[in-house]
Amino acid sequence: MKIKALNIKIPTGNNFSDAEINIPEGMIARCSIFTDDKPSYPVDVRLEDVNSEELHPYVSYKEYQPTNGNHYESRKKLNAKGNRTIRVIAKSRQNLTEDFDFQMIFYIEKKSH
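Residues numbered from 1 in each chain as written. Predicted model: local features only at pLDDT ≥ 70, side-chain atom pairs only at ≥ 80, totals over all residues. Heavy atoms only, no water.

J.: Help me understand the sheet that holds strand 4 (residues 43-49) in this model?
T.: One open sheet holds the four strands; their spatial order is 2-7-4-5, and the pairing between them is antiparallel. Taken across any chain shown, the strands that pair with only one partner, and hence form the sheet edges, are strand 2 (16-23) and strand 5 (54-60). Each strand of the sheet is rotated relative to its neighbour by a mean of 15°, with strand direction disregarded. When strand 2 meets strand 7 (residues 84-92), the two strands line up antiparallel, connected through eight bridges. Pairing of isoleucine 21 across the sheet is with isoleucine 86, part of strand 7. (Pairing = 2+ DSSP bridges. Helix = DSSP H or I, 4+ residues; strand = E, 2+ residues; numbered from the N terminus. Axes fitted to C-alpha atoms, helices over the stretch in contact; angles between N-to-C directions.)

What follows is the structure, encoded as structure tokens:
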């Protein structure tokens, strides 16, 4: 299994941020968000590839947070093909009054032959 991490920040006074990450060949089995920040307004996150194919619709960033400590099973199931560039989009309905930083982790299972 490979793990890829992407850091994202919505800066103070903004309501949007996005970033891209190259995912190696295999299947993106799970993903998760880690943060110690609490945004000043609700933040939703969407996953898509660079061709705008939706991998997961906008949902609260909390939906991506582990539910059972740091155990792999508590990560959000994704089951999407790898070997492509993924775009992570974070947005809030209002401009944030403080920075909101988080790390999105992707868990990629190697392709079985």
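J.: What should I look at first to understand unusual backbone geometry in this one?
T.: What you tend to see is this: most non-glycine residues have negative phi, and most peptide bonds are trans. Unusually for a residue other than glycine, asparagine 79 sits at a positive phi of about 50°. Within the secondary structure, asparagine 79 is located in strand 6 (residues 76-81). On the basis of relative accessibility, which here comes to 55%, the residue asparagine 79 falls in the exposed class. A positive phi angle, near 60°, is found at asparagine 83, a position not held by glycine. Among the secondary structure elements, asparagine 83 is positioned in the loop between strand 6 and strand 7. (Buried < 20%, exposed > 50% of the residue type's maximum accessible area, 1.4 Å probe, protein only.)

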